[in-house]
Amino acid sequence: KTRVHRDDDLYALGRDDLTMMASDLGITETDLRMLLPKAADNSLLMERMMVARGLDPDRVRRTSAGLMRELELACARCGAVSRCRRDLDQGTAARHSHEYCLNAETFDELLAGA
């Protein structure tokens, strides 16, 4: 698992690494710099949501690394982080995720294919 956990980690990456990472994600370096600091926290929420929905994040990462990056990118752009965290903490996330989770339909597809 490669994740940037702090703002400092992002700036420790070389320009070539940033360029390659942004290209792999299909975004600009500017977007990458904006998203990565939020991505670490949102990725943890995403994994909690996956578990709440009945998915194994490690299995998805092993079998579909590209899809996992797309899921993480969607979570990094999420505007419902507070609600997600609250629902996860209250145990109601699986029931309400379709109301706000950008990845809810993809999680449904993963569950259907399992």
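Residues numbered from 1 in each chain as written. Predicted model: local features only at pLDDT ≥ 70, side-chain atom pairs only at ≥ 80, totals over all residues. Heavy atoms only, no water.

**Student:** Is there a simple way to explain the nonpolar core in this structure?
**Tutor:** Core analysis: the biggest nonpolar cluster contains 19 residues, and Met46, Met49, Met50, Tyr100 and Phe107 have the highest contact counts within it. Of all the secondary-structure elements, those providing two or more residues to this core are α3 (29–52), α5 (65–76), α6 (81–90) and α8 (104–113). In terms of residues, this core owes the most to one element, α3, which gives 4 residues. The residues contacting Phe107, other than those within four sequence positions of it, are Met46, Met49, Met50, Arg53, Leu55, Leu71 and Cys101. (Core = buried A, V, L, I, M, F, W, Y, C linked by side-chain atoms within 4.5 Å. Buried < 20%, exposed > 50% of the residue type's maximum accessible area, 1.4 Å probe, protein only. Helix = DSSP H or I, 4+ residues; strand = E, 2+ residues; numbered from the N terminus. Contact = heavy atoms within 4.5 Å.)

**Student:** Sorry, what's going on with empty space enclosed by the protein here?
**Tutor:** If you roll a probe as big as a water molecule over the atoms, it shows you where there is empty space left. Within the structure shown, the criterion is met by 1 cavity of 30 Å³ or more. Empty space within the largest cavity amounts to approximately 120 Å³. The wall of the largest cavity is formed by 13 residues, among which Leu45, Cys75, Cys78, Cys84 and Cys101 lie closest to the centre. Among the secondary structure elements, those contributing two or more residues to the lining of the largest cavity are α3, α5 and α6. Looking at the lining of the largest cavity element by element, the count peaks at 4 residues for α3. Per-class residue counts for the lining of the largest cavity are 11 nonpolar, 2 polar and no charged. (1 Å grid on protein atoms, 1.4 Å probe; cavity = no way out; pocket = protein on both sides within 12 Å on 5 of 7 lines; lining within 4 Å. Points joined across faces, edges and corners; volume = space filled by probe spheres on them. Nonpolar A, V, L, I, M, F, W, Y, C, P; charged D, E, K, R; others polar.)

**Student:** Which parts of the structure should I look at to understand the pattern of salt bridges?
**Tutor:** When charged atoms on two side chains of opposite charge get close, those side chains can pair. Taken as a whole and assessed by the stated rule, the structure comprises 7 salt bridges. With its nearest N and O atoms 2.7 Å apart, the salt bridge here joins Arg61 to Glu47. Remark: Glu47 occurs in helix α3 and Arg61 occurs in helix α4 (residues 57–63); sequence separation between them is 14 residues. Of the two residues, Arg61 and Glu47, neither departs from the other in class, the shared state being buried. (Salt bridge = Lys/Arg side-chain N within 4 Å of Asp/Glu carboxyl O.)

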